[in-house]
Amino acid sequence: MASVHAIPSVEEEFIFTSGAKTKLLIGGGIGLAMVLIGAFLLANGSGHEAAEAAHGAAAGAAEHGEEAAHAGNWMTRIWANIWVNAVYFTGISVIGMFFISYNYLAEAGWSAVFKRIPEAMPAFLPVTFVIMLVTFFLGGHDLFHWTHEELFDPGNKLYDPIIAGKQSFLNTPFFLIRMVIYFASWYLLWRILRNLSLEEDRIGGTTNYYKSIRYGTAFLVVFAITSSTSAWDFVMSIDTHWFSTMFGWYTLASWHVSGLAVITLTVVTLREMGYLRAVNNSHLRDLGKFVFAFSIFWTYVWFAQFLLIYYANLPEEAIYYRSRFSGYGGIYQAPFFINLFLNFFFPFLVLMTRDSKMTHSILKVACWSVLIGHYFDFYTNIMPGSVGANGGFGPVEFGFILIFVCAFIWSVSSQLTKANLIPRNHPMLEESLHHDIA
Amino acid sequence: MVGVYDDDEVILHAVPKLRKAGVKISEVYSPFAIHGMDDALGHPRTRIGIAAFLFGVTGCICALTLTIWTMGIDWPMIVGGKDPISIPNYIPITFELTVLFTAFGMVTVFFITNGLGPSLVNPNMFDPRSTDNKFVMAIDLKGNRMTEAEITQQLRETGAEEVNIKQF
C-alpha cells in the first residue's frame, strides 16, 4: 500500500571514499600483475605444450588451418583479451544510456529514483574507445583477418574472393570512421542528457524533461542502427567468412542483459552501503524481472540463431559452431556450455519466484551469474576466431577482467559523486517514490 | 449489506479502518484493480504460481516424452541428417507445450477455485454499478457480530455514500 510507506529523504550525497579508491587501485594492480605474469609465462612457452597439442588436434580436424596459421603468437591472446573486455564494457556502458532513453521515451515513472546509476555508466565510453582504437592499430592484424591487404588482391595467392566481396564494408578507413561515429554519437547524446539532468536538479521544472525525451528518442534511433553495425564490426567481423542476420540482435540482447545486471547490482550494493533508501521492494522486483526477462530474451535469440544453423547444416554457417564446439581440441566447449548455464538456466530458475526478486542476496547471485556468463558469451564469440588453438583461460584473462572491472567501478563511482544520488527535481520522482506493484 | 463508495482511494483507506473496528468484509468489487487492495483486505497470497510451475513442468515432460518416443524410439526417423533423438530440434515443441499446459492449467485452476464454472444462474450482483463507476463493499451480516446499525454507521464514517441491504 503506497500511502503507508514512509518515504525516506531524497537528499543523498554519494561519497567515493578513499578506502574504496585504495581497494580499486589494489584490485587493478593485482590485475596488472596477473597480466604481466601471465604474459611472461605465455611468452616463455609455459602452457605452450598444451597449445601445441591443441593445435595438433585442430590441424587434424583441418578446420581453421588458415586462421590458426597467423594466430600463433602470444601477443594475439593479449590483444584478444583486451578486445573482449573492451567490447563487453562498451556494451555495458552504452546500455546505461539505452536504459534511460527508453525510460524517457515511455515516460516511465518507476525508474526515476535510481536513474543516476544508468546515467553514470556511459562515462566509461571514452576509455573503451581509446583502448579499442589503440588495440585496433597495434593488434588489428592479429584480431581481424580482413585487415590484410593481400586478401583483396586478385593477383596474390592469398586472394580470398569471399572477403574481397565484403571489401566495401570491411576496410580499415571505413571501419575507423564507423567506430568514431558510434562512440561520438553515443557519448555526445549521453553528455546532452546528463547535462539536462544535472541542470534539472538545480532549476527544476519540466522543460528539461521534455527535452530529454527528444534526445533520448534520438539516441534510440541512432542506437537501433549502430547497435547492430557495431556488433558486426566489433564481434562478427572477427570470423570474417561467417555471417548471421541475427547477430546484431544477439549482441544487443547480450549487452542489454549485462547492463541491466550492472544496474541492479549497483542499486543493491548502494542500498547495502546505506544509500538509496527510497528504493523499495517494488523497484527491486521490477529490476529483477528485467534481468529475468532479458536473460530469457538473450537465450531466445541465441537459440534462434543456433537452431537455424543447426537445422540447415550449411557448411559455411555450421563451421562457426563446429569450431566452438569441437574445434581447437575442444577448448571452447566448456565456455560454450558455461555461457548457456550462467546466462539462462541459473538466472531462470533462481529469479523465477516473486520473493527471490526482492531478496538482496539472490539478486546479487543472479546478477553476478549473468555478468560472468556474458563475459563468456563474448569470450566464445571473439576468442576462437582470433586466438584459435592458442586460447585458454589463465592469469591473463583474470587479470584483464580485474583491470576493467576496477576501472569501470571507479568511473561509475566518480560519476555518482557529481550529483545528488536521487534526481531531486525529476518530474516523475514522486511517482517513482510511491512505486507499488503489490 | 452493501456499502457503495465513489472513489478508489476512499475505499482503499476505508478497508483497514473497518477491519480495525472489527467489521468482517466479505469482498470488495471495483471496476478496475486497486493497487494495495489485496493487502488491505488481508487476502493470503495467491498460490497460482505454484500451480503454474507444476503445469509447466508437466507440459515440458509431456512434450519431451512425446517427441523422444515418437521420433526416437517407437519409429526412429532421421530428419535433416540429425540423430533420431536430437534435443535442439525438440526445444520449440517443448517450449510451446510448456506454455500451453501452463496457460490452460492456470485458467482452469483459476475458474475452479473461484467457482466461475459455466452456470445458468446469475452470480450474486451486489450492485450493478460496480462494473461502471462505483466501488462496492459487501459485508455478510450473518458472519458479523456487530449490528446492522453499527456497521451502517461505520460505513458512513469511512466515506460510503450509500448503504443498502440486499437479500440473497
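- Looking at an unreviewed UniProt entry, one finds chain A named Quinol:cytochrome C oxidoreductase, with Persicitalea jodogahamensis as its source organism.

1. Structural notes on the sheet that holds strand E2 (residues 27-29) of chain B
Residue and element names in this part refer to chain B.
At step 1: Taking strand neighbours across the sheet as the criterion, the 4 strands line up as E2-E3-E1-E4 in an open arrangement whose pairing is antiparallel. A strand with exactly one partner marks an edge of an open sheet, and here the two such strands are E2 and strand E4 (162-164). The mean inter-strand angle of the sheet, taken between neighbouring strand axes irrespective of direction, is 20 degrees.
At step 2: In terms of strand pairing, E2 meets strand E3 (residues 135-138) through 3 bridges, oriented antiparallel. Bridging from a neighbouring strand, Tyr29 pairs with Val136 of E3.

2. Some thoughts on the packing of helix H11 (residues 281-312) of chain A against helix H12 (residues 315-325) of chain A
Residue and element names in this part refer to chain A.
At step 1: Axis separation between H11 and H12 bottoms out at 9 Å; the angle between their running directions is 120 degrees. In terms of axis orientation, H11 runs oblique to H12. Between H11 and H12 lies a crossing whose hand is left-handed. For the pair formed by H11 and H12, the contact residues are Phe306, Ile309 and Ala312 on the first element and Glu317, Ala318, Tyr320 and Tyr321 on the second.
At step 2: Class assignment for the residues of the contact of H11 with H12 results in 6 nonpolar, no polar and 1 charged.

3. Observations regarding the interface of chain B and chain A
At step 1: Contact with chain B, which involves 10 residues of that partner, is made by 9 residues of chain A.
At step 2: Those elements that place two or more of their residues in the side of chain B that touches chain A are helix H2 (37-41) and helix H4 (87-113) of chain B.
At step 3: Its residues assigned to classes, the side of chain B that touches chain A shows 3 nonpolar, 5 polar and 2 charged.

4. Examining the nonpolar core
At step 1: In this structure, Trp83, Ala261, Val267, Val291 and Ile382 of chain A are the most contacted members of the largest nonpolar core, which totals 108 residues.
At step 2: Element by element, the count of residues in this core is highest for helix H4 (residues 74-105) of chain A, at 19 residues.
At step 3: In this structure, Ile382 of chain A is in contact with Ala80, Trp83, Val84, Val235 and Ile238 of chain A, ignoring residues within four places of it in sequence.
At step 4: Among the nonpolar cores identified, the runner-up in size contains 18 residues, and Val4, Val15, Val28 and Ile151 of chain B belong to it.

Calculation notes
- Residues numbered from 1 in each chain as written.
- Chains lettered and ligands numbered in written order.
- Predicted model: local features only at pLDDT ≥ 70, side-chain atom pairs only at ≥ 80, totals over all residues.
- Pairing = 2+ DSSP bridges.
- Helix = DSSP H or I, 4+ residues; strand = E, 2+ residues; numbered from the N terminus.
- Axes fitted to C-alpha atoms, helices over the stretch in contact; angles between N-to-C directions.
- Parallel < 35°, antiparallel > 145°, perpendicular 65-115°, else oblique.
- Left-handed = near helix turned anticlockwise from the far one by under 90°.
- Contact = placed C-beta atoms within 7 Å.
- Nonpolar A, V, L, I, M, F, W, Y, C, P; charged D, E, K, R; others polar.
- Core = buried A, V, L, I, M, F, W, Y, C linked by C-beta atoms within 7 Å.
- Buried ≥ 20, exposed ≤ 12 C-beta atoms within 10 Å, placed from the backbone.

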